[in-house]
Structures are given as structure tokens and as C-alpha cells.
Amino acid sequence: MAQYKGKFNYDPSVTDYECKVRRGLPWWFWLLIAIPLLLIASLFIRCSREITVQVVDEANNPIENAEVAMLYTARYCPWLKEDIARHGETNSKGEYQFKDLPCSVWSYIFYRGEKAEFTARLGNIEGSRTAPFHTTDRVVIKLVIPQEECQAQVRVIDNFTGAPIAGAEVLVTVDGSGRGILTTDGQGLATISGIYNRSRVSAAARHPGYLPNDTTIVDEPGINIRDKVTDIPLDPKVLCNQTVEHYTGDPHVMVDKIDMGTNSGTVNFTYYTDSWEDQLIVRDENGRVLIDTGLVATYSNRVTVPLNFSTRYVSVEIISKDGAAGSVWEFTIDCP
């Protein structure tokens, strides 16, 4: 029994019907027509891509200012292709983004696995890798940085006079591990040996009569510290009746925790400034201003003030006019 689909209008007055059957075209016929049309259209459809390259060292730390390049073949049709070369320089995240990279639908269909070559250079150190052009959005290139053994030095100095401090203890940490304690020589120097040119090195100095300095050299990974000399300034511990002199030209100095021995009484503050204008401000530990000399030059004076506060320590801040580095001054706070 044959089954027919479609409209059929029955008329009772008609006894005989004639049916004509027309066979439809097979599906593969339309496919044979569609494929050439699509291929021809793909010859004229262009596209563009973006690929990000990141350069890191062997510890996966990003490398800034590395030169990066890429090379690939853009295929637009069977008889038309172009070699594309691009280059750039990585940012602080070790990244560079190649934008507007030419491509075509034709190449995506027939050359989807086409490789692009990526290279990175830092000085005379190179790295490279290949990756599929059409299916890659991000490439990471690892550079192996050779480790060269070297040494660094620290110099411990008096922050007020600039004089080297002999016999100071220097606590050394390399790449997060303690290296023990070094002692400075007559020139205030201590040598940190057995490190590498890309090590992270920290040092803290201390000496009797001085406040310790716990924030000294901190070299971030990737910074060359070969033969580097870093000064570690220590602030002297100051007591009442002790004269503080300064002639290193620092435009802003803070003398903290001057021990007055008591939290009440009357004290004399004697000060002297040289030819450059300086301002001396005396405060208690709560920040309350006790004395403010204003900007004075080639001037000496003696001020008497009463003390009555919760702690027995004061501080003296010295500010040079316009941040000048030519100031010379001294002061003494008498014990109550």
C-alpha cells in the first residue's frame, strides 16, 4: 500500500484520479553543491587573533623587559600565504599580547594545526616553544637563568654623622633562610658570601648604643646583587644631657625615644643651626608639640619648658627648608 503526503481534495463527482509521482533529489546531492560553495566563500573570509605570551624564570617568577617574538604562516587560500613576524617586550607581569594577527577561515578549516613559533630573550639567555596558531590563546616560555655565585656587602653607619660603625652585628637571611650573624670591620663593612646573583638577601644591623635597623637590604628575585654595597644606617640611642650633632646633610631627621629619666619636671632645650634654615620640633610620645623653633639659620637659643606627660620619652624632628641637603645642626635636652 502506498502512502502519500501532501494535500488531496476529494470530489464525489469524480470517479477516476490520476496521480503523478516525482522522485525528490537525495540529500547528498545538496551536500555536493553546498561544500564547494562554502569552500569558495571561505577563501574571502578573513579573521584576526590575539595571543598572550608570558616569560618566567625557572621559579615561575615573571620576567620584565624580555624581548619576545612570534613567527607563523597566514594562509588565505591554496595559492596565497604570508609569513607573519611580530615582536614586543614584556611588562611587569612578564606578559606581552600579540594583537590583530591575520588569519582566514580557509586556514582554520584546512590548517587548524598550523604551528606558530614563539621565542623569548633576556640578554644572552633564550627560550622558545611552538604552539598551534588557531587554538592557542596563551603561551608561557620559561627561561633558565644561570646561577653565578657572588657576594654582597653591607656597611653599617651612624645615621647622624655618617661614620662607619665597627663591631656591629649583622643578621643575614638569604632566600628566606637564616645565614647567621656577621660582624662589621673597621670600615663598618660585612661581606655576605656564598650567594647567587639572583638571590633574595635581607640584613638587619644592631650595635650597643644604637637602635636596631630591621629593614635593610631586601632584593626582589631577579635583581642582580653582585658586588652590591648597601648602607644600613643606625640611629643612636639618645639620653637627656647628651648632645646630638648632625652634619651629613640629610634634609629630614627624626630622633626618637630620647630618655628623659622621668615624666615630669622642667628641662632646658639648647639648639644651634648653621647657615641653612632648619626647624626643630620637640614632641612627647603622644605626639603633643612641646617646642617648635620655626625655621632658623645661624642661630642658637635655649628654651625652658615644663614636662608633665605619661611617658618619659620625647622625640625631636628636624626639617630643613625646601628639603635642602646642606643643613648642619646640634641640640641638647637637659635632664629634669
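Throughout what follows, the structure given in this document is the object of discussion. These numbers come from a predicted model, not from an experiment.

From N to C terminus, the chain includes two helices and 21 strands. For the chain, with 336 residues in total, the buried portion stands at 36%. Across the chain, contacts joining residues at least 24 apart in sequence account for 66% of those joining residues at least 6 apart. For the chain, the computed accessible surface area is about 20,100 Å², with 51% contributed by carbon and sulfur atoms.

With that out of the way, let us pick up the nonpolar core. Among the nonpolar cores identified, the biggest contains 25 residues, and Ile258, Phe269, Phe331 and Ile333 are the most heavily contacted of them. Mapped by element, the contributors of at least two residues to this core are strand S15 (252-259), strand S16 (264-273), strand S17 (278-284), strand S18 (289-296), strand S19 (299-308), strand S20 (313-320) and strand S21 (329-333). Excluding residues within four positions of it along the chain, Ile333 makes contact with Cys240, Asn241, Gln242, Ile258, Met260, Asn268, Phe269, Val282, Val314 and Val316. Residues Val55, Ile63, Cys103 and Phe133 belong to the second largest nonpolar core, which totals 24 residues.

A full pass over the atoms with the stated rule returns twelve salt bridges. The salt bridge partner of Glu277 is Lys321, with a shortest N-O separation of 3.2 Å. Separated by 44 residues along the polypeptide, Glu277 in the loop between S16 and S17 and Lys321 in the loop between S20 and S21 bring together distant segments of the chain. Asp334 serves as the salt-bridge partner of Arg302, at 3.2 Å between the closest nitrogen and oxygen. Linking Arg302 in strand S19 with Asp334 in the segment after S21, this pair joins segments that are 32 residues apart in sequence.

Despite not being glycine, Asn241 has its phi angle at roughly 75°, a positive value. Phi is positive for Thr298, which is not a glycine, with a value near 45°. Structurally, the position occupied by Thr298 is in the loop between S18 and S19. By relative accessible area, which is 56% here, Thr298 ends up exposed.

Moving on, we get to the sheet that holds strand S10 (residues 177-183). In space, the three strands of this open sheet follow the order S10-S9-S12, with antiparallel pairing throughout. Each end of this open sheet is capped by a strand with a single partner; those strands are S10 and strand S12 (201-206). Put simply, the sheet's adjacent strands are angled 20° from each other on average, direction ignored. Strand direction decides the pairing type here: strand S9 (residues 169-174) and S10, joined by six bridges, are antiparallel. Paired with Val170 across the bridge in S10 is Leu182.

Moving on: the side chain of Thr90. With respect to the helices, strands and loops of the structure, Thr90 is situated in the loop between strand S3 (80-89) and strand S4 (95-104). Look at Thr90 and you get buried, because its relative accessible area is 3%. Reaching out from Thr90, the side chain makes a polar contact with the backbone nitrogen of Asn65 at a distance of 3.1 Å. Among the polar contacts made by the side chain of Thr90, one reaches the main-chain amide nitrogen of Ala66 at a distance of 2.9 Å. Excluding residues within four positions of it along the chain, Thr90 makes contact with Val55, Ile63, Glu64, Asn65, Ala66, Val68, Glu95 and Tyr96.

Attention shifts here to the packing of aromatic side chains. Under the criterion given, the structure shown has six aromatic pairs. An angle of 15° between the planes, with centres 4.1 Å apart, marks the rings of Tyr72 and Phe133 as stacked. Taken as a pair, Tyr72 in strand S2 (residues 67-77) and Phe133 in the loop between strand S6 (125-132) and strand S7 (138-143) lie far apart in primary sequence, 61 residues in all. Both residues of the pair, Tyr72 and Phe133, count as buried. Geometrically, the ring pair formed by Trp329 and Phe331 is stacked, given 5.9 Å between the ring centres and 20° between the ring planes. Considered together, Trp329 and Phe331 belong to a single accessibility category, that of buried residues. Site record: aromatic cluster; members linked through ring pairs are Phe269, Tyr271, Tyr299, Trp329 and Phe331. The residue whose ring lies beneath Arg49 is Phe133, and the NZ or CZ to ring-centre distance is 5.8 Å.

What counts and how
Residues numbered from 1 in each chain as written. Predicted model: local features only at pLDDT ≥ 70, side-chain atom pairs only at ≥ 80, totals over all residues. Heavy atoms only, no water. Helix = DSSP H or I, 4+ residues; strand = E, 2+ residues; numbered from the N terminus. Buried < 20%, exposed > 50% of the residue type's maximum accessible area, 1.4 Å probe, protein only. Contact = heavy atoms within 4.5 Å. Areas by Shrake-Rupley, 256 points an atom, 1.4 Å probe, with all protein chains shown as cover. Core = buried A, V, L, I, M, F, W, Y, C linked by side-chain atoms within 4.5 Å. Salt bridge = Lys/Arg side-chain N within 4 Å of Asp/Glu carboxyl O. Pairing = 2+ DSSP bridges. Axes fitted to C-alpha atoms, helices over the stretch in contact; angles between N-to-C directions. Polar contact = N/O pair within 3.5 Å; in protein donor to acceptor, adjacent residues only side chain to side chain. Phe/Tyr/Trp six-rings, centres within 6.5 Å; stacked < 30°, edge-to-face > 60°. Lys NZ or Arg CZ within 6 Å of the ring centre and 35° of its normal.

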